[in-house]
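Here's the letter readout for the chains.
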Amino acid sequence: LGAAEAVEPLITMLTDDQHGVRLAAAEALGKIGDLRAMAPLVNALQPHDAEQRMVVAEAIGLLHDSAGALPLITLLRDERAPVQAAAADALKEMGAVAASALIDCLSDYSSHICATAACLLGDATYHGAKDSLVPLLKHSDANVRLAAAEALAKIGYTPETLEDRVTFFIAGKNWSALRDAGKPAFEYLLTTLTSDDSSERILALDAMEAIGRDNITPLLESLRNTNATIRIFTAEALGNIGNQEAI
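The following refers to the structure shown. Not measured: the values here are computed from a predicted model.

We now examine the overall build of the chain. From N to C terminus, the chain includes 16 helices and zero strands. Scaling as 2.2 N^0.38, a compact globule of 247 residues should have a C-alpha radius of gyration of about 18 Å, whereas the chain reaches 24 Å, well beyond that. Across its three principal axes, the chain shows a C-alpha extent of roughly 85 × 35 × 25 Å. Considering only contacts within the chain whose residues lie at least 6 apart along the sequence, 54% involve residues at least 24 apart. Of the roughly 12,200 Å² that the chain leaves accessible, carbon and sulfur atoms contribute 50%. Between the centroid of the 19 positive side chains of the chain and the centroid of its 34 negative side chains there is a distance of 6 Å.

The following block contains the structure:
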């Protein structure tokens, strides 16, 4: 039999009693790439067999058809982390074919799904995702913001205004670029000091210190900020700088 003639017998094998036979059939169907296998493969995503879900997910990705995107996205919520990873790899394999479904995921209630979708859109360098990714730079979840920033960087996004640049730098934790932006970036750094993410606060403090070494005035002004957390971190930054103007 040729590859095309083998598709129907292999589809039948997806329901074989033997676990190994089902896996071998799924792998073969993925390699052949015949779209007749799509629906049977989706039906073979057994809820009680994590290994089979992983193998079938890979096969679906190899078909490079948009019909496989939603079943794979569903697997991103799987209870098993290896299955989630297999689904993400399969969506990455699909590339731009999965872009429309992934863009829909950017508004998902799950930060994990949202961040994963952003990463995959970046890997696919799908330029059509830019307008959907930019709002995520202000998402409440730091991982989503970072994923969006990294995806936009891969796509080639260029912020047009200072506010957009600073937002982009903060989301992507690009503190060196933020330091280069100078005093206008300072007010945005102050908001980062109230973040729930301790690593963000530490990095923002580092950026504030770098700006303050060149121009102490913004730090001195923030000592009068109404937010106690900001005053505390500002005092720490001034202490690290050791500038006597703050005394």
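There is more to say after this.
This part is about the state of the cysteines. Under the criterion given, the structure shown has zero disulfides. Not part of a disulfide, Cys105 finds its nearest cysteine sulfur in Cys114, a span of 8.5 Å. Among the residues examined, Cys114 registers a relative accessible area of 0% and is labelled buried.

With that out of the way, let us pick up the side chain of Arg53. Structurally, the position occupied by Arg53 is in helix H4 (residues 50-63). A distance of 2.9 Å separates a polar side-chain atom of Arg53 from the backbone oxygen of Gln46. Contacts of Arg53, omitting those with residues within four sequence positions, involve Leu45, Gln46, Pro47, His48, Leu75, Asp78, Arg80 and Val83.

Take the layout of surface pockets next. Taken as a whole, the largest pocket spans an internal volume of roughly 230 Å³. Leu137, Lys138, His139, Arg145, Thr167, Ile170, Ala171, Tyr188, Thr191, Thr192, Ser195 and Glu200 together form the lining of the largest pocket. For the lining of the largest pocket, the secondary-structure elements that each account for two or more residues are helix H11 (162-171) and helix H13 (186-192). Here the lining of the largest pocket is built from residues that sort into four nonpolar, five polar and three charged.

Let us look at unusual backbone geometry. Non-glycine residue His64 carries a positive phi angle of around 50°. Structurally, His64 is set in the loop between H4 and helix H5 (69-75). For Lys173, which is not a glycine, the phi torsion comes out positive at approximately 55°. Checked against the element boundaries, Lys173 lands in the loop between H11 and helix H12 (175-180).

Moving on, we come to the environment of Ala96. The residue Ala96 is located in the loop between helix H6 (81-94) and helix H7 (99-105) in this model. Take Ala96: its relative accessible area is 46%, and that puts it in the partly exposed class. Apart from residues no more than four positions distant in its own chain, Ala96 is found in contact with Ala124 and Tyr126.

The next point concerns the side chain of Ser110. Tracing the chain through its elements places Ser110 in the loop between H7 and helix H8 (111-123). Here the side chain of Ser110 touches Ile113 through a polar contact of 3.2 Å, landing on its backbone nitrogen.

Here is what the cut-offs are and how they apply
Along each chain, residue indices are assigned from 1 in the same order as the chain's sequence is written. Only residues with pLDDT of 70 or above have their local features reported here, since the model is predicted, and side-chain atom pairs are shown and tallied only from 80 upward, although totals for entire chains, interfaces and linings are computed over all residues. Values shown for side chains rest on all heavy atoms present in the structure; no hydrogens or waters enter the calculation. Note on conventions: DSSP H or I runs of at least 4 residues are helices, E runs of at least 2 residues are strands, and numbering of each starts at the N terminus. For the radius of gyration, the atoms used are the C-alpha atoms, and the globule rule reads 2.2 Å times the number of residues raised to 0.38. Every residue pair with non-hydrogen atoms within 4.5 Å of one another is taken to be in contact. The accessible surface values rely on the Shrake-Rupley method and a 1.4 Å probe; as for residues, cover is taken only from the protein chains in view. Residues scored as charged are limited to Lys and Arg (positive) and Asp and Glu (negative), so that His and the chain ends carry no count. Taken as the charge location is NZ of Lys, CZ of Arg, CG of Asp or CD of Glu. Sulfur atoms of two cysteines make up a disulfide when they are within 2.5 Å. Relative accessibility under 20% of the residue-type maximum defines a buried residue, over 50% an exposed one, and the middle range a partly exposed one, all with a 1.4 Å probe and only protein chains included. In the analysis that follows, any N or O atom pair within 3.5 Å is treated as a polar contact, provided that within protein one partner can donate a hydrogen and the other can accept it, and provided that, for residues neighboring in sequence, both atoms belong to side chains. Using only the protein atoms, space was sampled on a 1 Å grid; points where a 1.4 Å probe fits but cannot get out form cavities, open sets with protein on both sides within 12 Å along at least five of seven lines form pockets, and lining residues are those with an atom within 4 Å of a point. Grid points are joined across faces, edges and corners, and a volume is the space filled by probe spheres set on the points. Under the convention adopted here, Pro, Cys and the residues Ala, Val, Leu, Ile, Met, Phe, Trp and Tyr are nonpolar, Asp, Glu, Lys and Arg are charged, and Gly plus all remaining residues are polar.

Structural measurements only, silent on function.
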